[in-house]
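The residues making up each chain are set out below.
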Amino acid sequence: MGGVTSRVGLSVAVVAALGVVTAAPASAEDTGTTFTVTGDGLAITVFPASAPLGSGAPGTNIAPAAGIGTFTVTDARSVEPAAWTASVTSTAFTTPGGGASRTIANSSVDYWSGTCTGTGGDGGGATPVWTGGQANVGAAQNLGASRTACSLTAGAGANTGSWDPHLIVHVPANVVAGDYSGTVTHSVAAV
């Protein structure tokens, strides 16, 4: 008898569950709704806007201990993936008067980004990875070509990344004394 009682109990439970699942409302209407999540842009800023590097004689290196400023990429696109790369280029450095003896080529200027750190970028469970282009002075690259300063990979959503790069100017032995100026340009692009 004990076995029959168990079967009857199980049968009643199944029937009750089916009754709940198959019950339909007397009337229903669907309403489709939409909305838009907007993002902004991808921008780069620097503080301060100019950086004096110091002085040195022809044939020496000008290597300031401090970086040239804090560069920050602000990525408000809120996309996935939120990958971007910041690059750096430079003009030649010149002093008034023109000519080879008054020009220091951009290939005589070494750059290293140091550490690139960031915040955000972890939307959708992604783990953001910020990478500096050149970790230290030993990895410095000359600015005779465009170089990577900082990049973000594997991120998602809004984020920021910052670094404080350094320059070393290898002053050629054949240049004249004077105040030299040039422009180091950082830019950022989505990848």
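All figures in this text were calculated on a predicted structure; none of them were measured in a lab. (Residues numbered from 1 in each chain as written. Predicted model: local features only at pLDDT ≥ 70, side-chain atom pairs only at ≥ 80, totals over all residues. Heavy atoms only, no water.)

## So, the overall build of the protein
And step 1. Looking only at helices and strands, the protein has one helix and 14 strands in total.
And step 2. Looking at the protein residue by residue over its 191 residues, the buried ones come to 26%.
And step 3. Across the protein, contacts joining residues at least 24 apart in sequence account for 77% of those joining residues at least 6 apart. (Helix = DSSP H or I, 4+ residues; strand = E, 2+ residues; numbered from the N terminus. Buried < 20%, exposed > 50% of the residue type's maximum accessible area, 1.4 Å probe, protein only. Contact = heavy atoms within 4.5 Å.)

## Examining the layout of surface pockets
And step 1. Put simply, the largest pocket is a space of about 720 Å³.
And step 2. Ala51, Leu53, Phe93, Tyr180 and Gly182 are, among the 34 residues lining the largest pocket, the residues nearest its centre.
And step 3. For the lining of the largest pocket, the secondary structure elements donating two or more residues are β1 (42-47), β13 (166-170) and β14 (184-190).
And step 4. Here the lining of the largest pocket is composed, by residue class, of 22 nonpolar, eleven polar and one charged. (1 Å grid on protein atoms, 1.4 Å probe; cavity = no way out; pocket = protein on both sides within 12 Å on 5 of 7 lines; lining within 4 Å. Points joined across faces, edges and corners; volume = space filled by probe spheres on them. Nonpolar A, V, L, I, M, F, W, Y, C, P; charged D, E, K, R; others polar.)

## Things to note about the pairing of β13
And step 1. Among the five residues of β13, four are classified as buried, and the element is accordingly described as predominantly covered.
And step 2. The pairing of strand β2 (residues 61-62) with β13 spans two bridges and is antiparallel. Among the inter-strand pairings, Ile62 is bridged to a residue of β13, identified as Val169.
And step 3. When strand β7 (residues 109-112) meets β13, the two strands line up antiparallel, connected through four bridges. Bridge pairing links Trp112 to His166 in β13. (Pairing = 2+ DSSP bridges.)

## A short note on the state of the cysteines
And step 1. A complete count under the given rule lists one disulfide for this structure.
And step 2. Disulfide partner of Cys116: Cys150, at an S-S distance of 1.8 Å. The S-S bond linking Cys116 to Cys150 shows a torsion near -50°; that makes this disulfide left-handed. Remark: Cys150 occurs in strand β11 (residues 147-153) and Cys116 occurs in the loop between β7 and β8 (117-120); sequence separation between them is 34 residues. For the pair formed by Cys116 and Cys150, the shared burial category is buried. (Disulfide = S-S within 2.5 Å.)

## A look at the sheet that holds β8
And step 1. The antiparallel open sheet is built from four strands, whose spatial order is β1-β3-β12-β8. Only two strands of the sheet have a single partner each, and these edge strands are β1 and β8. Strand-to-strand, the axes of this sheet are offset by a mean angle of 15°, without reference to chain direction.
And step 2. Summarising the sheet, strand β3 (residues 70-75) and strand β12 (residues 159-163) pair through five bridges and their orientation is antiparallel. Each bridged residue has a counterpart across the sheet, and for Thr74 the counterpart in β12 is Thr160. (Axes fitted to C-alpha atoms, helices over the stretch in contact; angles between N-to-C directions.)

## Observations concerning the nonpolar core
And step 1. Residues Trp84, Ala86, Tyr111 and Trp163 are the most contacted members of the largest nonpolar core, which totals 24 residues.
And step 2. Elements with a contribution of two residues or more to this core: β3, β4 (84-90), β7, β11 and β13.
And step 3. In contact with Ala86, other than residues within four places in its own chain, are Ile44, Val73, Arg147, Thr148, Ala149, Cys150, Trp163, Ser187 and Val188. (Core = buried A, V, L, I, M, F, W, Y, C linked by side-chain atoms within 4.5 Å.)

## Side note on the pattern of salt bridges
And step 1. Scanning the model with the defined rule gives one salt bridge in all.
And step 2. For Asp75, the salt bridge is made with Arg77, and the minimal N-O distance between the two is 2.7 Å. Across the pair, exposure class does not vary: Asp75 and Arg77 are buried alike. (Salt bridge = Lys/Arg side-chain N within 4 Å of Asp/Glu carboxyl O.)

## Observations concerning the sheet that holds β11
And step 1. Across the sheet, four strands lie side by side as β9-β11-β4-β14; this open sheet has antiparallel pairing. Each of the sheet's edge strands pairs with one partner strand only, and the pair in question is β9 (129-132) and β14. Direction aside, neighbouring strands of the sheet carry axes that sit 15° apart on average.
And step 2. Two elements, β4 and β11, share five bridges in a ladder whose sense is antiparallel. Of the residues in β11, the one forming a bridge with Trp84 is Leu152.

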